[in-house]
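Breakdown of the fold
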Protein chains: 2
Amino acid sequence: MTKQTKKQPRKESTDQEEIVTFHYDKVDDFSTWFTEINKRAELSDQRYGVKGLVVFRAWTTVTLKIMYRLLEEDLERHGHLPVIFPALVPESNLIKEAQHVEGFAPEVFWCTRSGADNIFEEPLALRPTSESAIYPLYALWIRSWRDLPFKRYQSVAIWRYDTKMTRPFLRGREFYWIEAHNVFATAKDAEDQVLEDLAITKNFVEGHLAIPIIVLIRPQWDKFPGAVYTVAGESILPNGRFIQNSTSHMLGDNFARAYNVKFVDENEEEQYAQQTCFGPGISRMYGGLIIMHGDDDGLIFPFSLAPIQVVIIPIPKKGAKKAVEERCKELEAKLRKAGFRVYFDNTEKRPGDKYYHWEMRGVPLRLEIGNREVQDNTATIFRRDLRTRETSSVDNLTKTVKKTGNVITKELWRRAKTHFDNSFQNADTFEEICEIINQNKAARINFCTLEMKGLECAEKIKEATGADIRGVKLGEDEKPWGSCPMCGEPATVVAYVGKSY
Amino acid sequence: MTKQTKKQPRKESTDQEEIVTFHYDKVDDFSTWFTEINKRAELSDQRYGVKGLVVFRAWTTVTLKIMYRLLEEDLERHGHLPVIFPALVPESNLIKEAQHVEGFAPEVFWCTRSGADNIFEEPLALRPTSESAIYPLYALWIRSWRDLPFKRYQSVAIWRYDTKMTRPFLRGREFYWIEAHNVFATAKDAEDQVLEDLAITKNFVEGHLAIPIIVLIRPQWDKFPGAVYTVAGESILPNGRFIQNSTSHMLGDNFARAYNVKFVDENEEEQYAQQTCFGPGISRMYGGLIIMHGDDDGLIFPFSLAPIQVVIIPIPKKGAKKAVEERCKELEAKLRKAGFRVYFDNTEKRPGDKYYHWEMRGVPLRLEIGNREVQDNTATIFRRDLRTRETSSVDNLTKTVKKTGNVITKELWRRAKTHFDNSFQNADTFEEICEIINQNKAARINFCTLEMKGLECAEKIKEATGADIRGVKLGEDEKPWGSCPMCGEPATVVAYVGKSY
């Protein structure tokens, strides 16, 4: 293996212009890095002309489709079936659950007329989330304990008029997610579903995105409007900010009472159902993926999510153009047959420009096929993560690609895990909290309580640092080692504090 | 093979009630048949509470996903890449192409505010179609002839405030489609794309839906607003109505001029691009599928589109329950491994009720496994289309399932093709046109012209019969055999006339 010199200036030439190299520091100058990677790798376009609405370009859309498919398959393995509900929700539906409407009404996009002057009697909300669209029908569909559990999901866009700063994928006014809505006979079944949701998130984010997860129960003041409690699967980005991959909400019978979702139990008695909902944020997870693994040369995709897993670049020497091209086609066919997403880049561009193009876009593996490779019956394999090359025989190529693909994902996981493990630091005092947040890390603190009376302490921290109480770890009874640094009361929990998107 | 008696009364019993059999005549009482099949097979729910918006239940959604996947794969094989544009389009974008806005503005759902009182300076349209969202970005992305052809698609919902009668899948205010938007250097390339679009439609509708297609160039008064011309891939339903599976529009440079989509050609000269767009209506095609192949006992799915291709029903006799169950599981695993969508219905219901349930939903093949089948190492296979049974050895099962699946699709095609071939009838006079339309068929007539001055004749036919001039056959220079029955002028074309959804 040969380690490449990494910091040589790198250029892409085109007929129109010389494009200067991409060299932005992701950690020190994250904003520029993220803006530039969006342009250079053609991930999104922010010139659509409406704040918070971005265009997803092909490279992004292909990846989102892969992500959707993997998560949907896992949901279906766990007994969910897909449905599609309308995007427009009548106002009278939305206002049935008091806390829910209070939470979402300020962010709702309202559709109020059609054509020039057909004003609707009742305005229609663009779904900000679909409880109020779905549960009135659940009230009609669910009759008996035999119908339960009832588990459905839909893969859709939602719209929220977010007034904070927007950023492609991380925070916008239109985003793509899956929402699963489940109904159970007992609170126990519902709470088990919350755990299953988080296991699905963990499996997906850690297994496919190669990003570690921390599972947190949110404070009461930050739960889903109308829920009993909310649990989030979060990651920590390189700039120390939390990103919420998914949330799962225990709704108890709050919504069942508002929307009349009842069933007749085994004793012939009518009961309100217990409900949960689960929202993995596909476009936001994609943002996390871009940011977590990208480096100063562009993106790096974990193998299972890469839109193109292997790109084949011909390096034709004089007189051997045809033989090289033939070999590239053979390898393309061989790898495609083995199930890989492979692309033979036979365009007119120079090999170096092709390298730049596909490295920027994060293709994990590149085969470089020249005269020598054809003669020796080998392929030179470039790994995007380490920027190293190795040689494989053509006979072993399928195996090598599979193995190296896995190794790249593992390397990305190792880097992300190292970062993750270094992201949390204990703080005993208010000053220490400020210091840790300033260092772009998350603080682990003793905290009075996640019940509503803890909000005052949380707000003081927020005001001073911009950081939130993100919650306490689910299922790990972490013992406080002192009192709340804000109010001095005995701490009841160990809370995690940090900024977020 | 044993032919079952078809018209025996059939019942499904549940603990709550006896559900009477499903026996509605699709041709003579289509409306009831369609309403009932939607309820009984749980395809859609019209109780959402907003006119024209329906809920797609799981059985429908699974099928739509299969349809999307097959069509997307074919588009990608033909060089299209997926993108996602925002659902909300600023008014100033929508009004740039004069004919386009005139055609769509009356149907647009307008989003005018967020929250209680944040009135938008510029209203946002829910996309009725996405030319006005996409082409401003194409103007930024496309620079040179090297960027062409540029072929993108998105799989999305669109919204149109249709004032006609709505029906699930066929006509509604929210529907699911794919829209492909393509840019070319020359008009020839663009026109070739229109042909490719129709070939993709034909391949999908005839190959997978098992429904024949007629490809028609629309009259000038019925083209896509802003297009040079429109071509439609249509089918004819059992009630004689046309259904538009897809349309493809030659836009010429009309939109390029409105949205400034230009490129520098090989001679370094700037030119307006030539564009096309293509819209296969997924949810409408699904409606056609339901209606075309369903019979008086419920749905029948062509094999490649069935959400469940094979259902396995255990018929346990005393003492053999376990052996039967084990065998069913084996067969399920075997067929799943072979790539079929298979479901082992091991619920508590009686076999007869299971039969009813899955026949209603159109599962093409059912395996009935009892004591005897276990002992003989066979499976009894029930075909939904003919309602006949045959026996297969377990060893040959995979082959038999594959073969029988194909045979079922062929049988559905044969029925649909027979109907199609009998759907058209020549008419020489106005009276004959009325008669043919009244008989739920389509008329083939001599017609003066599809240019705007033919509109008057078309309107007279519409007024008398409710039928439209759907267009003339693409690529088949059909010779008129007389003069236009409406105005008496010499006919320039052979036109097809019929009612539609």
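Here the structure is a predicted model, which means the values were calculated and not measured.

**Structural notes on the interface of chain B and chain A**
With 41 residues of chain B in contact, the opposing surface of chain A contributes 41 residues. Going through the elements one at a time, strand S5 (55–56), helix H2 (58–77), strand S6 (81–82), strand S7 (88–90), strand S8 (109–114), strand S9 (118–126), helix H5 (131–141) and strand S10 (150–159) of chain B are the ones with two or more residues in the side of chain B that touches chain A. Ranked by residue count, the leading element in the side of chain B that touches chain A is S8(B), at six residues. Here the residues of the side of chain B that touches chain A sort into 28 nonpolar, five polar and eight charged. Taken together, the five bridges between strand S8 (residues 109–114) of chain A and S8(B) define a ladder with antiparallel strand orientation. The residue of S8(B) that forms the bridge with Arg113(A) is Trp110(B).

**Quick word on the environment of Phe301(A)**
Residues and elements named next belong to chain A. With respect to the element layout, Phe 301 can be found in the loop between helix H8 (282–293) and strand S18 (310–315). Remark: the alpha-carbon pair of Phe 301 and Asp 345, spanning 44 residues in sequence, is separated by 18 Å. The residues touching Phe 301, leaving out its near neighbours within four places in the chain, are Ala 306, Gly 362 and Pro 364.

**Details of the sheet that holds strand S6 (residues 81–82) of chain A**
Backbone hydrogen bonds hold the strands of a sheet together, and the pairing may be parallel or antiparallel. The 11 strands are arranged S6-S10-S11-S17-S14-S13-S12-S25-S26-S24-S23 (chain A) in an open sheet whose pairing can be described as mixed. The sheet is open, and its two edges are formed by S6 and strand S23 (424–427) of chain A, each paired on a single side.

**Here we look at the relation of the copies chain B and chain A**
With an RMSD of 0.0 Å, the fit of chain B onto chain A corresponds to turning through 180° and sliding 0.0 Å along the axis. Between the two chains, the operation in question is that of a two-fold axis. Closest approach to the rotation axis within chain B is made by the C-alpha atom of Cys111(B), at a distance of 2.0 Å. Both copies present the same face, since 100% of the interface residues in chain B are matched by interface residues at the equivalent positions in chain A.

**Description of the domain arrangement of chain A**
Residue and element names in this part refer to chain A. Annotation of chain A at the domain level lists domain 1 (55–88 + 102–109 + 127–292), domain 2 (303–419) and domain 3 (424–498). Taken together, the contacts link 13 residues of domain 1 with 10 residues of domain 2. Considering each element in turn, the side of domain 1 that touches domain 2 owes the most residues, five residues, to helix H2 (residues 58–77). Per-class residue counts for the side of domain 1 that touches domain 2 are 11 nonpolar, two polar and no charged.

**Description of the environment of His419(A)**
For His419(A), the location among the structural elements is in helix H12 (residues 397–421). In this structure the C-alpha to C-alpha distance between His419(A) and Gly252(A), which are 167 residues apart in sequence, comes to 37 Å.

**Concerning helix H1 (residues 30–40) of chain B**
For an α-helix, the turn length of 3.6 residues means that residues three or four places apart are oriented alike. Residue and element names in this part refer to chain B. Among the residues of H1, Trp 33, Phe 34, Ile 37 and Asn 38 are the ones counted as buried. Along the long axis of H1, the arc covered by the buried residues comes to 125°, so they all point the same way. Relative to its buried face, H1 has exposed residues pointing more than 90 degrees away, namely Ser 31, Thr 32 and Lys 39. Buried positions along H1 lie against strand S4 (44–45) and helix H8 (282–293). With its phi angle positive at about 50°, Glu 42 sits one or two positions after the end of H1.

Conventions used here
- Residues numbered from 1 in each chain as written.
- Chains lettered and ligands numbered in written order.
- Predicted model: local features only at pLDDT ≥ 70, side-chain atom pairs only at ≥ 80, totals over all residues.
- Contact = placed C-beta atoms within 7 Å.
- Helix = DSSP H or I, 4+ residues; strand = E, 2+ residues; numbered from the N terminus.
- Nonpolar A, V, L, I, M, F, W, Y, C, P; charged D, E, K, R; others polar.
- Pairing = 2+ DSSP bridges.
- Least-squares fit on C-alpha atoms with pLDDT ≥ 70 in both.
- Domains from an automatic or database assignment.
- Buried ≥ 20, exposed ≤ 12 C-beta atoms within 10 Å, placed from the backbone.
- Arc of directions from axis to C-beta.

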